[in-house]
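Summary of structural features
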Amino acid sequence: MDTIASLFSFITTPVSWVIVQFHKVYGALFGDDSGWAWGLSIVSLVVLIRICLIPLFVKQIKSTRNMQVLQPKMKAIQERYKNDKQRQSEEMMKLYKETGTNPLSSCLPILAQSPFFFALYHVLSSIASGKKIGAINQDLLDSARQAHIFGAPLAAKFTDSVDKLNSLDATLLDVRVVTAVMIVLMSASQFFTQRQLMTKNVDLTVKTPYMQQQKMLMYIFPVIFAVMGVNFPVGVLVYWLTTNVWTMGQQMYVINQNPTPGSKAQDAYLQRVLKTVDSRGQVRGRTQRRTVKAIVAKGPDRNDIERKFITGLSKKGLVAQEDGTVKKGEVVPEGEGTAAKRQQPKRQTKAKRQTATTAGAAAKDEPAAGSKTSLQKQDAPQDDKPTPTGKPASGSSRQAKSGQRKGPQRPKHPSKK
């Protein structure tokens, strides 16, 4: 352990120095030997570290979203090259390179925190064993050993023996109650952070194995923290509980202000923007204007939630502009969207189709029949007129009975009269 600690002395010394500087500030308020002075020094260390890690957190969010978008393509590559693992890996790396996605970016904040976590763990372990470390001299060491949080020393663990706790002026019951409560809060904050990410900030239209993995991690991570927490000193539990609460708050802010497209959080966010625009007549703030600008730029590629937002603006007589602002425009009646869907006519029954066909035929024949009747009426008087010899009347030829020969008839023989 000492060999490993010596390798990480480049981070152990700065961490101990930062704690000492914060202790000077809080010691003047609560007293040098107060548990609050040392506890708040650890909390301030966490806040400082997390502020420095904000750029990595932003990169983590982008990487996580890119991975969600790429899941269908990744699944298609796996199915296409399921028998060629080398080609499958090459296509995956090509996809990551084209989209600028790094799968390890989602783990960057945790990996970046690991050295600080290890350094703080070693500092508190040295305090528990009475060893000077980094910027903590003998006076500060004695002060830290006397510091208690709700009756539990900063260097005490849930698994410590009674003799060790007696040397730290603590009881077994106090230490185990305080550490158990901190472990539960630490695991609960981790679970809630992952849960709000999965239930509010995930595109529900995309069902991929990545979502199933995230759901599994939502239950596995709290269990891991609970099992490991029994071996953490109280000071480390303070550190980890603080960083989990910070992550939860940071995640809440991101979900409310920059939600994932297609998620429930985006729907809630755009509804808030719509209410603001309705009451003020303009888009408020750079973030909202940037969101409206991105939705307008998508054009026909908008998801259902974004189309709903554009429709809501139209119903209020507003039109989103390319620069993210809104202007007065044509009002869409209630219940109509920006792009009405074409409705297919209902299929008629066979009897109705036959009736329609018969009616159409009758309507076509009516003019012809009428014209024929009028012709007959005009031709009727002409039938009574004498026709030239050898030329039969047109009316008589049309009215010839069946069985009679058409044309001029030969006179009958006198014997047959």
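Here we summarise the structure given alongside this text. Worth saying up front: this structure is predicted, and the values here are computed from it rather than measured.

**Some words on a negative patch on the surface**
A surface patch of like charges, here negative, comprises Asp32, Asp33, Asp139 and Asp142. With respect to the secondary-structure elements, aspartate 32 resides in the loop between helix H2 (9–30) and helix H3 (35–52).

**Some words on empty space enclosed by the protein**
The full count for this structure, using the stated rule, is 1 cavity of 30 Å³ or more. The space that makes up the largest cavity amounts to roughly 40 Å³. Broken down by secondary-structure element, the contributors of at least two residues to the lining of the largest cavity are H3 and helix H6 (108–129). Its residues assigned to classes, the lining of the largest cavity comprises 7 nonpolar, no polar and no charged.

**Some thoughts on the pattern of salt bridges**
Tallying each qualifying case throughout the model produces 5 salt bridges. Aspartate 160 is paired through a salt bridge with lysine 164; the nearest N and O atoms lie 3.8 Å apart. By relative accessible area, aspartate 160 is classed as buried at 7%. When its relative accessible area of 33% is taken as the criterion, lysine 164 is described as partly exposed. Here lysine 298 makes a salt bridge to glutamate 306, at a shortest N to O gap of 2.7 Å. On the basis of relative accessibility, which here comes to 31%, the residue lysine 298 falls in the partly exposed class. Given the relative accessible area of 2%, glutamate 306 is considered buried.

**A look at helix H13 (residues 286–298)**
Its 13 residues place the ends of H13 18 Å apart at the C-alpha level, agreeing with the 18 Å of an ideal helix rising 1.5 Å per residue. For H13, the set of buried residues is Gln288, Val292, Ile295 and Val296. Down the axis of H13, the buried side of the element spans an arc of 100°, and every buried residue falls inside it. Across H13 from its buried face, at more than 90 degrees, point the exposed residues Arg286, Arg290 and Ala297. Residue glycine 299 follows H13 closely and has a positive phi angle near 65°.

**A closer look at the packing of H13 against helix H14 (residues 304–315)**
The N-to-C vectors of H13 and H14 enclose an angle of 105°; their axes lie 11 Å apart at closest approach. By the angle class used here, H13 and H14 are roughly perpendicular. Note on element contacts: H14 touches H13 through Glu306, Phe309 and Ile310, opposite Val292, Ile295 and Lys298. Classifying every residue of the contact of H13 with H14 gives 4 nonpolar, no polar and 2 charged.

**Considering the side chain of glutamate 306**
In this fold, glutamate 306 is placed in helix H14. There is a polar contact of 2.7 Å between the side chain of glutamate 306 and the side chain of lysine 298. Residues in contact with glutamate 306, not counting those within four places in the same chain, are Pro261, Gln266, Leu270, Ile295 and Lys298.

The rules behind the values
Residues numbered from 1 in each chain as written. Predicted model: local features only at pLDDT ≥ 70, side-chain atom pairs only at ≥ 80, totals over all residues. Heavy atoms only, no water. Patch = residues over 30% accessible without salt bridge, like charges linked within 9 Å, V, L, I, M, F, W, Y side chains within 5 Å. Areas by Shrake-Rupley, 256 points an atom, 1.4 Å probe, with all protein chains shown as cover. Salt bridge = Lys/Arg side-chain N within 4 Å of Asp/Glu carboxyl O. Lys, Arg positive; Asp, Glu negative; His and termini not counted. Charge placed at Lys NZ, Arg CZ, Asp CG, Glu CD. Helix = DSSP H or I, 4+ residues; strand = E, 2+ residues; numbered from the N terminus. 1 Å grid on protein atoms, 1.4 Å probe; cavity = no way out; pocket = protein on both sides within 12 Å on 5 of 7 lines; lining within 4 Å. Points joined across faces, edges and corners; volume = space filled by probe spheres on them. Nonpolar A, V, L, I, M, F, W, Y, C, P; charged D, E, K, R; others polar. Buried < 20%, exposed > 50% of the residue type's maximum accessible area, 1.4 Å probe, protein only. Expected span 1.5 Å × (residues − 1). Arc of directions from axis to C-beta. Axes fitted to C-alpha atoms, helices over the stretch in contact; angles between N-to-C directions. Parallel < 35°, antiparallel > 145°, perpendicular 65-115°, else oblique. Contact = heavy atoms within 4.5 Å. Polar contact = N/O pair within 3.5 Å; in protein donor to acceptor, adjacent residues only side chain to side chain.

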